[in-house]
Amino acid sequence: MPFTFDNSYARLPKRFYSNQLPTPVAAPSVVKINHPLATQIGVNADALNAAILAGNEMPEGAEPIATAYAGHQFGGWNPQLGDGRAILLGEVIGPDGVRRDIQLKGSGQTMFSRNGDGRATLGAVLREYLVSEAMAALGLPTTRALAVVTTGEQIMRDGYEPGAVLTRVAQSHIRVGTFQFYFARKDNEALQLLADHVIARHYPEAANADNPVRAMLDAIVVRQAELVARWMLVGFIHGVMNTDNSAISGETIDYGPCAFMDVFHPETVFSSIDRQGRYAWNNQPEMAHWNMSQLAQALGPVLGDDAETEAKAALALFSPAFSKAFYGGFAAKIGMDQDTAELRVLVTDLMEAMAQERVDFTLFFRHLTTGVKAGDFTDVKAMFTNPEQITAWFTRWDHTKANAALMQKVNPVFIPRNHRIEEVIKAANKGDLEPFERLHSVLSRPYEAQPENAEYENAPKPEEIVQATFCGT
Ligand code: AMP
Ligand code: MG
């Protein structure tokens with residue numbers, strides 16, 4: 001038996017989901033099973049097989065459902081989204097006591113599919129596998145990837161592409177948009193039930209507060225602020241920070257047209273559908289704050305007698321929590337374990353110098369770290385064609401006080417660079433999974449130098465640069 005299920009979401013009233021079996025696929029075949037993750041979350045990987053992971057066969061104890069949610073997409077309200085191509089099989093409790101969802105993504109149509117085919121391409125699935133597992137290895141809160149199977153079917157996107165199913169693991173799949181779904185329907189009973197469920201599952205300490213829903217909202221706001229700060233510190237751009245892609249648990253969820261930036265520029269956008277730059281690197285805190293204000297509004301009916309005041313006070317926590325995580329984290333990147341006003345200025349000036357010359361974000365901090373160890377900053381200075389500004393910055397940053405061990409802990413050597421992911425997808429579409437395995441292996445130890453994989457540190461050559469990531473989902 002692969003899973004020992006205990007399905008708390010399926011015990012909520014019927015208006016939280018629809019019972020839904022996956023649609024069987026023609027010829028399921030295993031591409032990857034994440035054995036270390038299986039062990040960590042209490043799944044018996046030996047009992048997993050292609051039929052189960054494709055949804056052709058239901059494992060014992062599964063109660064397959066598609067969950068309901070709404071959301072603001074690029075600021076526009078959509079009262080009904082829901083799992084249009086994902087099915088929650090059930091929940092497992094790991095040896096660490098943590099409850100996690102086991103979800104099949106790309107498993108066929110549901111009542112929420114609208115015009116979609118309910119499927120996912122192998123390319124999008126491998127992208128999510130690589131990036132979410134890289135995020136986990138970097139130490140950021142994220143959904144995980146337990147397995148990939150191909151379906152043996154071709155699906156239509158830009159042309160025909162191989163279909164695949166991802167087995168996704170999350171502390172839950174509850175989103176800001178899940179609360180919005182019931183708020184829009186004036187279903188205050190459901191709002192309270194969902195809040196109780198979230199508190200028990202993710203924020204048990206809130207249960208003891210005078211106003212548990214307010215305490216829950218406070219905790220969610222702070223986690224979102226910290227999450228976005230941590231994305232920015234590794235150069236991550238989510239790409240589709242819609243309220244339906246904002247997880248209540250504080251995990252990164254729904255890897256679509258996301259990317260890690262190569263050259264640093266604060267206004268960087270990759271997503272081909274983000275034409276206004278709404279979800280640009282430096283706009284992410286504002287957008288997360290906006291999502292939190294939508295959550296606060298949705299919680300209004302269960303937030304207490306003076307919901308507006310409660311909401312305002314909760315939202316006021318965002319900015320200080322973000323700044324502390326962002327500037328504290330940035331200070332660590334330059335070897336300082338404090339967050340002072342002076343350091344904030346130093347960090348801001350560094351970002352300006354980097355943006356002006358569009359230096360590679362990851363390589364800059366990599367070279368800065370090795371520079372501190374060697375007491376030689378030739379490599380890092382060589383990244384600037386006009387070294388005046390950075391030379392001036394160097395006179396203000398006291399490298400003798402920089403903590404090299406701290407820098408090594410926070411500055412990744414390897415990130416899932418876009419051109420590498422594209423290379424993996426191209427090969428996989430031709431049946432060659434070797435590049436996928438190799439990149440995955442490199443990214444599993446992102447903070448360690450790996451001389452045999454040094455080429456994976458490199459920025460893309462001009463002809464390798466990926467200009468845009470497509471939803472292609
Ligand atoms: P996303 O922006 O990818 O997180 O998805 C937004 C909404 O579209 C969600 O309700 C998804 O379930 C749905 N969706 C995305 N792709 C498909 C698809 N291929 N078939 C059905 N629904 C989809
Ligand atoms: Mg989504």
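See the structure shown above.
> How should I be thinking about the site of ligand 1 in this particular structure?
Neighbouring residues of ligand 1: 17 residues in total, closest G82, G84, R114, G118 and N245. One of the side-chain N or O atoms of N245 is found 2.9 Å from an oxygen atom in ligand 1.

> In this structure, what is going on with the packing of helix α5 (residues 188–202) against helix α6 (residues 212–233)? I would like to understand it.
When two helices pack together, their arrangement is captured by the angle between the axes and the distance separating the axes. Following both chains from N to C, one finds α5 and α6 inclined at 60°, their axes separated by 10 Å at the closest point. One finds that α5 runs oblique with respect to α6. The way α5 lies across α6 gives a crossing that is left-handed. Where α5 abuts α6, its residues Q192, A195, V198, I199 and H202 lie against P212, V213, M216 and R223.

> Would you mind going over unusual backbone geometry with me for this structure?
A negative phi holds for most residues other than glycine; trans holds for most peptide bonds. With phi around 50°, F74 is a residue other than glycine that occupies positive phi space. A positive phi angle is found at R114, which is not glycine, with a value near 50°. With respect to the helices and strands, R114 occurs in the loop between β7 (99–105) and β8 (120–121). A relative accessible area of 56% means that R114 is categorised as exposed.

> What exactly am I supposed to notice about α6 here?
Because each turn of an α-helix spans 3.6 residues, side chains separated by three or four positions end up pointing in the same direction. End to end, α6 covers 32 Å across 22 residues, agreeing with the expected 32 Å (1.5 Å per residue, within 8%). Most of α6 sits out of view: 16 of its 22 residues are buried. After α6 finishes, the residue G235 shows a positive phi value of roughly 80°.

> Explanation requested: the side chain of R366 in the structure shown.
Topologically, R366 is positioned in helix α11 (residues 361–374). Taking the relative accessible area as the measure of exposure, R366 reaches 19% and is therefore buried. Among the polar contacts made by the side chain of R366, one reaches the side chain of E457 at a distance of 3.0 Å. Ignoring anything within four residues of it in the chain, the contact list for R366 reads V413, A449 and E457.

> What am I meant to see in the coordination of the magnesium ion (ligand 2) here?
Each protein donor to the magnesium ion (ligand 2) is listed here as N245 (OD1) and D254 (OD); together their distances run 2.0 to 2.1 Å. Each member of the pair N245 and D254 is classed as buried.

> What exactly am I supposed to notice about the packing of aromatic side chains here?
Aromatic ring pairs are reported here in terms of the distance separating the ring centres and the angle at which the planes meet. The final tally for this structure, using the stated rule, is 26 aromatic pairs. Ring centres of F364 and F384 lie 6.0 Å apart, and the angle between their planes is 80°; this geometry places the pair in the edge-to-face category. With F364 in helix α11 and F384 in the loop between α12 (378–381) and α13 (388–396), this residue pair connects regions lying 20 residues apart in the sequence. F384 carries the same exposure label as F364, and that label is buried. Between F377 and W397 the ring centres are 5.5 Å apart and the planes differ by 80°, which places this aromatic pair in the edge-to-face class. Within this pair, whereas F377 is found in the loop between α11 and α12, its partner W397 is found in the loop between α13 and α14 (404–410), the two being separated by 20 residues in sequence.

> In this structure, what is going on with the nonpolar core? I would like to understand it.
Note that soluble globular proteins tend to have their nonpolar side chains buried in a common cluster. One finds F179, M216, F326, I334, F364, L368 and W397 to be the most contacted residues of the largest nonpolar core, which totals 124 residues. For this core, the leading source of residues is α6, giving 13 residues. Two domains each provide a minimum of three residues to this core, namely domain 1 (9–170) and domain 2 (327–410). Apart from the residues lying within four places of it in its own chain, the contact partners of F326 are A229, M232, L233, W281 and M351.

> I keep staring at empty space enclosed by the protein and nothing clicks. Help me out?
Gaps left between atoms are located by rolling a probe of water-molecule size over the structure's atoms. Counted by the stated rule, this structure contains two cavities of 30 Å³ or more. Roughly 80 Å³ of internal volume is contained in the largest cavity. Put simply, the parts of the chain that give the lining of the largest cavity at least two residues each are α6 and α7 (284–299). No other element matches α6, which puts three residues into the lining of the largest cavity. Of the volumes computed, that of the second largest cavity is approximately 60 Å³. Taken together, Y9, T67, A68, Y69, L88, D101, H173, I174, T178 and R201 make up the full set of residues lining the second largest cavity. Looking at the lining of the second largest cavity, its residues break down into five nonpolar, three polar and two charged.

> Quick question: what am I supposed to make of the pattern of salt bridges here?
Once the charged atoms of two side chains with opposite charge are near each other, the side chains can pair. Inspection of every chain in the model, using the stated rule, returns 28 salt bridges. We note a salt bridge from E133 to R144, for which the minimum N-O separation is 2.7 Å. Here R144 lies in strand β9 (residues 144–156) and E133 lies in helix α3 (residues 122–138), a separation of eleven residues in the sequence. Here E133 falls in the buried class, since its relative accessible area comes to 9%. The salt bridge partner of D360 is R417, with a shortest N-O separation of 2.9 Å. Of this pair, D360 sits in the loop between α10 (341–357) and α11 while R417 is found in the loop between α14 and α15 (418–429), placing the two residues 57 residues apart along the sequence. Given the relative accessible area of 6%, D360 is considered buried. What emerges from the salt-bridge pattern is a single network uniting D6, R11, E91, R99, D101 and R201.

> Would you mind going over the environment of N429 with me for this structure?
Along the chain, N429 turns up in helix α15. Looking at N429, the relative accessible area reads 33%, which means it is partly exposed. Considering only alpha carbons, one finds N429 and E251, 178 residues apart in sequence, at a separation of 29 Å. Apart from the residues within four sequence positions on either side, N429 is in contact with L122, G123, E161 and P162.

What counts, and where the lines are drawn
- Starting from 1, residues in each chain are numbered consecutively following that chain's sequence as written.
- Chain A is the first chain written and ligand 1 is the first ligand written, with later ones labelled in order.
- Local features in a predicted model are, by the rule used here, given only for residues with pLDDT of at least 70; side-chain atom pairs are given and counted only at 80 or more, and totals for whole chains, interfaces and linings are based on all residues.
- To obtain the side-chain values, all non-hydrogen atoms of the structure were included, while hydrogens and water were left out.
- Nearness is judged by heavy atoms alone; a residue qualifies as near a molecule or strand once a single heavy atom is within 4 Å of it.
- In the analysis that follows, any N or O atom pair within 3.5 Å is treated as a polar contact, provided that within protein one partner can donate a hydrogen and the other can accept it, and provided that, for residues neighboring in sequence, both atoms belong to side chains.
- For helices, the fitted line uses only the C-alpha atoms of the stretch in contact; every axis is such a line through C-alpha atoms, and the angle between N-to-C directions lies from 0 to 180 degrees.
- Where helices and strands are cited, they refer to DSSP runs of H or I of at least four residues and of E of at least two residues respectively, numbered from the N terminus.
- If an angle is under 35 degrees, it is roughly parallel; if it is over 145, roughly antiparallel; if it lies from 65 to 115, roughly perpendicular; otherwise it is oblique.
- Throughout, a crossing is termed right-handed when the near helix is turned clockwise from the far one, and left-handed when it is turned anticlockwise from it by less than a right angle.
- Every residue pair with non-hydrogen atoms within 4.5 Å of one another is taken to be in contact.
- Remark: exposure states derive from per-residue accessible area (1.4 Å probe, protein chains only) relative to the maximum for the residue type, with buried under 20%, exposed over 50%, and partly exposed in between.
- The span one expects for a helix is its residue count, reduced by one, times 1.5 Å.
- Water is not part of the atom set, so a site may look incomplete; the donors themselves are N, O and S atoms within 2.8 Å of the metal, or 3.2 Å for Na, K and Ca.
- Ring pairs shown here join Phe, Tyr and Trp side chains whose ring centres sit within 6.5 Å, with only the six-membered ring taken for Trp; geometry is labelled stacked below 30 degrees between planes, edge-to-face above 60, and tilted in between.
- Here, nonpolar core means buried Ala, Val, Leu, Ile, Met, Phe, Trp, Tyr and Cys residues that are tied together by side-chain atoms lying within 4.5 Å of each other.
- Boundaries of every domain are those given by an automatic assignment or by a domain database.
- Cavities and pockets are defined on a 1 Å grid built over the protein atoms alone: a cavity is a set of grid points where a 1.4 Å probe fits but cannot escape, while a pocket is an open set with protein on both sides within 12 Å along at least five of seven lines, and lining residues are those with an atom within 4 Å of any such point.
- Grid points are joined across faces, edges and corners, and a volume is the space filled by probe spheres set on the points.
- Amino acid classes used here: Ala, Val, Leu, Ile, Met, Phe, Trp, Tyr, Cys and Pro are nonpolar; Asp, Glu, Lys and Arg are charged; the rest, including Gly, are polar.
- Here, a salt bridge means any side-chain nitrogen of Lys or Arg that lies within 4 Å of a carboxyl oxygen of Asp or Glu.

Geometry only, nothing functional implied.
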